[in-house]
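The chain contents come next:
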Amino acid sequence: MTDHTPKIVYRFGDNIYLNITNRCPNLCVFCIKTKWKMDFHGNNLNLVGNEPTVLEILRVLDEEMRRAPFNEIVFCGYGEPTMRLDVLLYVAQTLKGWQAQAKFPPFKIRLNTNGLGERINHKSIVQDLRRVVDIVNVSVNAENEEKWRQLVRPEAEYQDAYPDVLSFLQSCVEAHFDKVILSCVDKVGADTVALAKLAQKMGAALYVRSFLDENN
Ligand code: SF4
């Protein structure tokens, strides 16, 4: 029988993903939240407004980490994790402690973000993230501001935020995380060659994610 319980923690590939919020200031043309009706490969990620507490997250995460091997713990969503910055930092800090205690085999902690975290939280967040996160993947998605607005369709308050996304990425590179990734989606109109050049210029790795549609 299919389990429709909203998932805070889910598996994909060799990684464990954390779904701590469904809120996001963007409405990307390629977002699969609506197309897949909040389902991700059989996991119901619709929190229906009931965002999990830190204790709930850590309880199910601890269970999942014991269940089977994994490479990374990824703050991802359906939603923008930095919308809940305090929760993100607390959970990641706890994971850092588990790393230090070797409570589990070695793993990395990754944040997948739309790069708006500093605008959302009205402050610099890179150094706080640097203490508790190993890898940052910033969904830049476009090689210029006009295309960024077309592809990610930000809320009114964030219409001018493309330079802030790039600035956040640059700060992450300069903060020397284990890895900083500039990511985009193929087949949606982004110029992946220009984005590869941008990533190289900024000192980030490039990741071109496959476009997911109803048939994936
Ligand atoms: S930033 Fe992520 S969660 Fe937000 S709309 Fe875009 S793809 Fe969806």
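Preceding block: the structure.
Residues numbered from 1 in each chain as written. Predicted model: local features only at pLDDT ≥ 70, side-chain atom pairs only at ≥ 80, totals over all residues.

Colleague: Looking at this structure, how should I read the overall build of the protein?
Modeller: Helices and strands together make up the secondary structure of the protein, namely eight helices and nine strands. Taking 216 residues into account, the globule formula puts the C-alpha radius of gyration at 17 Å, and the protein, at 17 Å, falls close to it. In the protein, buried positions account for 36% of the 216 residues. Across the protein, every contact between residues at least 6 apart in sequence was considered, and the portion connecting residues at least 24 apart equals 80%. (Helix = DSSP H or I, 4+ residues; strand = E, 2+ residues; numbered from the N terminus. Rg over C-alpha atoms; globule rule 2.2 N^0.38 Å. Buried ≥ 20, exposed ≤ 12 C-beta atoms within 10 Å, placed from the backbone. Contact = placed C-beta atoms within 7 Å.)

Colleague: I'm lost on the packing of helix α2 (residues 54-67) against helix α3 (residues 85-100) in this one. Help?
Modeller: Think of two packed helices as two axes; the pair is described by the angle between the axes and how far apart they sit. Interaxial distance between α2 and α3 falls to 10 Å at its minimum, and their mutual angle equals 35°. Considering how the two elements wind past one another, α2 and α3 form a crossing that is right-handed. Here V54, I57 and L58 of α2 come into contact with α3, specifically with V87, Y90, V91 and T94. Here the residues of the contact of α2 with α3 are counted per class, giving six nonpolar, one polar and no charged. (Axes fitted to C-alpha atoms, helices over the stretch in contact; angles between N-to-C directions. Left-handed = near helix turned anticlockwise from the far one by under 90°. Nonpolar A, V, L, I, M, F, W, Y, C, P; charged D, E, K, R; others polar.)

Colleague: So what exactly am I meant to see when it comes to the site of the ligand here?
Modeller: Around the ligand lies a shell of 13 residues, among which C24, N26, C28, C31 and N114 are the nearest. Of the residues in the shell around the ligand, the class split is six nonpolar, five polar and two charged. (Near = placed C-beta within 6 Å.)

Colleague: What should I look at first to understand the sheet that holds strand β7 (residues 135-139) in this one?
Modeller: The mixed open sheet is built from seven strands, whose spatial order is β1-β2-β5-β6-β7-β8-β9. Since the sheet does not close on itself, it has two edges, and those belong to β1 (9-12) and β9 (205-209), each with one partner. This sheet shows a mean twist of 25° between the axes of neighbouring strands, independent of strand direction. Relative to β7, strand β6 (residues 108-113) runs parallel, the two being bridged by four bridges. Residue pairing for β7: L111 is matched across the bridge by V136. Across the sheet, α2 touches β1 and β2 (15-18), and the angle it forms with β2 is around 170°. (Pairing = 2+ DSSP bridges.)

Colleague: Looking at this structure, how should I read the pairing of strand β5 (residues 72-75)?
Modeller: Walk down a regular strand and you will see the side chains alternate between the two sheet faces. Taken together, the three bridges between β2 and β5 define a ladder with parallel strand orientation. Bridging from a neighbouring strand, L18 pairs with F75 of β5. When β5 meets β6, the two strands line up parallel, connected through four bridges. The residue of β6 that forms the bridge with F75 is L111. Note on the crossover from β5 through α3 to β6: the handedness is right-handed. (Right-handed = clockwise from strand over helix to strand, strands pointing away.)

Colleague: Got a minute to help me understand unusual backbone geometry in this structure?
Modeller: Keep in mind that most residues, glycine aside, have a negative phi and that most peptide bonds are trans. A positive phi angle is found at N141, which is not glycine, with a value near 70°. Here N141 shows up in the loop between β7 and α6 (145-152). Backbone geometry places K187, a non-glycine residue, at a positive phi of 65°.

Colleague: Looking at this structure, how should I read the environment of P105?
Modeller: Within the fold, P105 resides in the loop between α3 and β6. It is 42 Å that separates the C-alpha atoms of P105 and K147, two residues lying 42 residues apart in sequence.

Colleague: Explain the nonpolar core to me, please; I cannot follow it from the model alone.
Modeller: Taken as a class, soluble globular proteins show a tendency for nonpolar side chains to be buried jointly. Of all hydrophobic cores here, the largest spans 50 residues; its most connected members are L18, V138, V140, V165, L169 and L182. Those residues in contact with L169, other than ones at most four positions away along the chain, are G115, V138, V140, V180, L182, M202 and A204. (Core = buried A, V, L, I, M, F, W, Y, C linked by C-beta atoms within 7 Å.)

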